[in-house]
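# Secondary and tertiary structure notes
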Amino acid sequence: MARLAIFASGNGSNFQAIAEEIQKTGHTISCLICDRKKAYSFERAKNLGIKSYYVPYFERSKEAAEQEIAEIIEKEKADIIALAGFMRILSHQFVEKYKNRIVNIHPSLLPKYPGTGAIEKSYNSGDEELGITIHYVDGGVDTGPIIRQESFKRKFNEPLEEIEKKIHNLEYTAYPEVIKNLLDSYQ
Ligand code: GRF
């Protein structure tokens, strides 16, 4: 049985979807790590009975923040790290340290539309097919080997809100499944 740490920065709906699924397995959610004090993710963690850590990035270097994160990962004995709306770019050193153990979810069909505003960018592109990508993290912005993609064909004149809903629903199903498989296969 393996242990998962989840990093989030904001709302945390993916964090909750992952936690609810993984809590049904024999695996453990060791903690939530969040870089924004007022993030709603903390509220969700409390309701789910998951330990959470606030790790600020301001007024100190990224290295210092990542050092603190590494200490938490050590203490909580996390095997796999899932980024779920974590709005920080991890350094190459950090990613190297946890090579093949960090995954991310992105709301577009990568390599299209990496970075922020991916849903709007996908929507405005006029692309007929839209979707999500789950990938290993490699130190770039939404680069790294792709594990799974899910997509759907947009309807004519489909509003952005509907597209957003469909994208998030794909996330909530696919990401917990991928994470469960990773935890199952973790030695
Ligand atoms: C999701 O759309 C995820 O793909 C992206 O950031 C968003 C986070 O939403 N990386 P939430 O905080 O999980 O609700």
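Residues numbered from 1 in each chain as written. Predicted model: local features only at pLDDT ≥ 70, side-chain atom pairs only at ≥ 80, totals over all residues. Heavy atoms only, no water.

## Describing the layout of surface pockets
Regions of empty space are outlined by a rolling probe, equal in size to a water molecule, passed over the atoms. Applied cut-off: Think of a 1 Å grid over just the protein atoms. A cavity is a set of points where a 1.4 Å probe fits yet cannot get out, a pocket is an open set with protein on both sides within 12 Å along at least five of seven lines, and lining residues have an atom within 4 Å of a point. Grid points are joined across faces, edges and corners, and a volume is the space filled by probe spheres set on the points. Secondary structure is summarised from DSSP: a helix means a run of H or I of at least four residues, a strand means a run of E of at least two, and numbering begins at the N terminus for each. In the scheme used here, Gly and all other residues not listed as nonpolar or charged are polar, with Ala, Val, Leu, Ile, Met, Phe, Trp, Tyr, Cys and Pro taken as nonpolar and Asp, Glu, Lys and Arg as charged.
Put simply, the largest pocket is a space of about 840 Å³. For the lining of the largest pocket, the secondary structure elements donating two or more residues are helix H1 (13-22), strand S5 (102-106), helix H5 (118-125) and helix H6 (160-185). Per-element accounting of the lining of the largest pocket gives the leading share, 4 residues, to H6. Broken down by class, the residue content of the lining of the largest pocket amounts to 14 nonpolar, 16 polar and 6 charged.

## So, the packing of H1 against helix H2 (residues 41-48)
Selection criterion: What counts as an axis is a line fitted to C-alpha atoms, over the stretch in contact for a helix, and the angles between N-to-C directions run from 0 to 180 degrees. Each angle gets one of four labels, with under 35 degrees taken as roughly parallel, over 145 as roughly antiparallel, 65 to 115 as roughly perpendicular, and the rest as oblique. It is the rotation of the near helix from the far one that decides the hand of a crossing: anticlockwise by less than a right angle makes it left-handed, clockwise makes it right-handed. Contact criterion: two residues are considered in contact whenever any of their non-hydrogen atoms come within 4.5 Å of each other.
Contact geometry for H1 and H2: axes closest at 9 Å, N-to-C directions at 20°. Compared by their axis directions, H1 and H2 come out roughly parallel. H2 is crossed by H1, and the crossing has right-handed handedness. Between H1 and H2, the contacting residues are Ser13, Phe15, Gln16, Ala19 and Glu20 on the first element and Ser41, Arg44, Ala45 and Leu48 on the second.

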